[in-house]
Structure formats: C-alpha cells, structure tokens
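Coordinate inspection notes
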Amino acid sequence: MLSYLAGFDEVFGPLRLLRFITLRTLLATGTAAAIGFLIAPWLIARLRELKFGHRYDDDRTGDLAQRFDKKHTPTMGGLLIFFAVFGSTFLWARPNIWVVVSMFVFAALAAVGLRDDYLKVVRQNRAGISSWEKILWQTLITLVALVALLWYPGTSLKIRELWVPFVKEPVLLLGGAAGAIALFVMVYFWIVGFSNAINLTDGLDGLAIGCTITVALVYGLMAYAAGNTRIADYLLISFVPGTGELAVICGALVGAGLAFLWYNSYPAEVFMGDTGSLAIGGLVGVLAFMVQQPLTLVIVGGVFVWEALSVILQVGWFKFTRARTGEGRRLFLMAPIHHHFQKRGWPETKVVLRFWILSLICALAGLGTLKLR
C-alpha cells in the first residue's frame, strides 16, 4: 500500500525510493519484526491466560526429561508470524497476482492450522482436525491458487514451466489439461510436504523458525533475481515479471521469524503450532513454484527434508522388519532425527545450533545452483 506513495515524489522527492524493491524488502523486514515484538508480549500473556498450551500427558519422548519443562507452554504462536507477515506485506508489497495468491495460501492455511491447534489445545482432541478434513482444505486451497494462476493471462504460461537446478532452460512445459493436473499434484505435494516437514522440525525450541529464516532469505534473493530481467538473463534463470514483489514477502517472513525466535528460543515462551507450520510450509511451497525454483527447495530446505525423511525411514523400516522377523527395528534412536541426537546425549541447544549451521550450508548450496548451469 505504501509503495504507491512513490507517485508523490514530486511533492517529496525521497518518496521515489519506494519504487525500489530492495528498499521495500528491508522496510518489510523491519516492519514485520516491529509488529512481532509489539504484539508478542500481549499475545503470549493472552494465550497463557486462556491456557492455550500443550499438555504432554502422553509424552512420547521417553527419558527426554527436558520436555516436561515445556508443559503448558502456550502454542498458536504462529498467529504472531501471521499478523507480522500479513501486515508488513500489506504495507510494503505492490499488489499483483503473485502477491495476492501467495497471501491467500498463507492466510487460508493459517486458518486451517488455527482450527487444528484449537481442537488439540482447547477441546483436548489429541488428533486435532481429521486427516480427511485437512486434506480437503489443503486440496481446495491449492486448487483455488492454481486456478487463479492458470486463469490470469500474465501467469498462465509461466506457471506451467518446470525448471530444475543446473539446467538453463525449462525441462518441461505442462500444457493442456493433463499438464494442469500434473502441476496441481506437484504444487499440492510441495505445500503439504513442506507444511508437514516444518511441523516435524518444530520439536525443539527455535529449530524450525531458525531454519525458516535461512530459507526465506534465499527465496527472497531468488524472487528478486527472477523478477529482474538483467539478473535473470545473466544467471540463465527464468525471468518471471512481477515476482520481484515476492522478495518483500520473504523479507517480511524473515522479520517475523526473528521476532518469533526471540520468544521461541530456549527456553521457549511460545510454540508456533500448526497455525505457523501449515502457513509457513504452504507459503514457502507456493513461492518456490512462483519463482521457478521448486526442486531447489529440496536443497535450500534440506533440514526440513531430512527431518521428514527420518520419520518416513523410521516408520518404513520398523514395519518392514516387523513383517519379516516379527520384531520391528529402528534405524534411529528416535525420529524426527533431532530427537535421535538428543538421545545420544546432545543438549537441546547444541542440536538446534548445529541444525542451524546445516540449514545455512543448505541455503548457500541452493544459492550456488543459480550460477551452476
């Protein structure tokens, strides 16, 4: 909204600077952080007052006694991230189809996550919303977002291009009805997959949001590069007009993440819950497709992928060995993988810091794919 003030530069010259995406991205980062720090004390106090905290009555972490210290810590902290990102984006991003669709996915999945957290925490429904209901909402949200992008003339062709790392041309054009269906499946899988991966990562104080910040930083740079014709031509990546504004959203996510990390760092005063993990996962997943870097997210979000794979491998190996020998065996001491290292005696803070380092390495590796083509 404030970006339109650039049109009044004849009245006040410095307003012309608001035309630059880089400046608005920095302003969005600072604004989101400020919003987060302003509302966090009130929000945490309110959640505590309402007793919106997890109750680990069926603690599944065995002898990880530190988990009991987190009993009744308020959840639904994803609301802080949502309000900070949405408010900052509204102020600094210039609206276009990419911004509107990404914010729709972000807000809709935050609402689904909020309902899930509400049922778990307030209604004491351990399972939250049913699997079929969650799948239904995620399907509808993905369908609406994709229909909007396929229908809009400025995005209908670009969104059908499939780019992969290290290749300087699109490897596939998903044309026709069959291509649209294939695209829907891919976008849906990315949104659901990374939502669940972030949810699994959110098991230690500061772990998920710290890794989210590095992912947001990288995709902010990728969005800016994809929306700038000179940079896109130089890097031999897809030029997607208008996606530069997505850098503002990524900047807002970084700022909101920093504010949330202040209160989510060990010992956590608030957890993000499904309200945060579903919304962030969906936003990151759809952004990756918008800037033509979907498969690069597997590299950049390597920690999230590793966490999800550890659970899949653990469950798969346990079922396989039980079917073969009658006794299930485990690959890891515990899954997700961060609990494996806790079982080996690593303090929680050491696990988190080392996973942050890995996330930064993954982020740099993902950025490297832009030049290696």
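The shown structure was predicted, so the numbers you read here are calculated from the model rather than taken from an experiment. (Residues numbered from 1 in each chain as written. Predicted model: local features only at pLDDT ≥ 70, side-chain atom pairs only at ≥ 80, totals over all residues. Heavy atoms only, no water.)

Considerations on the environment of Leu-47
Basically, it comes down to this: In DSSP terms, a helix is any run of H or I states spanning at least four residues, a strand is any run of E spanning at least two, and both are numbered starting from the N terminus. The contact criterion used is simple: two residues touch if any of their non-hydrogen atoms lie within 4.5 Å.
By the secondary structure assignment, Leu-47 is in helix H1 (residues 21-49). Between the C-alpha atoms of Leu-47 and His-72, which are 25 residues apart in sequence, the distance is 10 Å. Beyond its immediate chain neighbours, meaning those up to four positions away, Leu-47 contacts Phe-52, Pro-74, Thr-75, Met-76, Gly-77 and Val-270.

Some remarks on the layout of surface pockets
Stated precisely, the cut-off is as follows: A 1.4 Å probe that fits into a set of points on a 1 Å grid over the protein atoms alone but cannot get out defines a cavity; an open set with protein on both sides within 12 Å along at least five of seven lines defines a pocket, and lining residues are those with an atom within 4 Å of a point. Grid points are joined across faces, edges and corners, and a volume is the space filled by probe spheres set on the points. All amino acids are sorted into three groups, where Ala, Val, Leu, Ile, Met, Phe, Trp, Tyr, Cys and Pro are nonpolar, Asp, Glu, Lys and Arg are charged, and the leftover types, Gly among them, are polar.
Estimates place the volume of the second largest pocket at around 460 Å³. For the second largest pocket, the lining is made up of 14 residues, of which Gly-193, Asn-196, Ala-197, Ala-308 and Ile-312 are closest to its centre. Elements with a contribution of two residues or more to the lining of the second largest pocket: helix H5 (176-201) and helix H11 (302-325). Among the elements that make up the lining of the second largest pocket, the one with the highest residue count is H5 (eight residues). Tallied by class, the residues present in the lining of the second largest pocket amount to eleven nonpolar, three polar and no charged.

Comments concerning the side chain of Thr-142
Along the chain, the position of Thr-142 falls in helix H4 (residues 131-151). With near-sequence residues (within four places) excluded, Thr-142 lies in contact with Phe-184, Val-187, Tyr-188 and Ile-191.

Here's the deal with the side chain of Gln-138
Note the following rule: The buried label goes to any residue with under 20% of its type's maximum accessible area, the exposed label to any with over 50%, and the partly exposed label to all in between, with areas taken from a 1.4 Å probe on protein chains only.
Among the structural elements, Gln-138 can be located in helix H4. Its relative accessible area of 2% is what places Gln-138 among the buried residues. When residues no more than four places from it in sequence are discounted, the contact partners of Gln-138 are Leu-109, Tyr-188, Val-192 and Leu-278.

A look at the packing of aromatic side chains
Convention followed: Aromatic pairing here means that ring centres of Phe, Tyr or Trp (its six-membered ring) are within 6.5 Å. Orientation follows from the plane angle: under 30 degrees is stacked, over 60 is edge-to-face, and everything else is tilted.
This model, assessed by the stated rule, comprises 14 aromatic pairs. Summarising the aromatic geometry, the rings of Phe-184 and Tyr-188 are spaced 6.1 Å apart at their centres and angled 20 degrees between planes, so their arrangement reads as stacked. Separated by four residues within a single helix, Phe-184 and Tyr-188 lie in helix H5, roughly one turn from each other. Each member of the pair, Phe-184 as well as Tyr-188, carries the same accessibility label: buried.

With respect to helix H3 (residues 97-121)
To keep things clear, this is the line we draw: Working rule for helices: expected span equals 1.5 Å times residues minus one. Pairing of N or O atoms within 3.5 Å defines a polar contact, subject to two protein rules: one partner must be a possible hydrogen donor and the other a possible acceptor, and residues neighboring in sequence count only if both atoms are side-chain atoms.
Helix length check: H3 (25 residues) gives 36 Å between terminal C-alpha atoms against 36 Å at 1.5 Å per residue, within 8%. At the N-terminal end of H3, a side-chain oxygen is found 3.0 Å from the backbone nitrogen of Trp-98, two or three residues along, and the residue is Asn-96.

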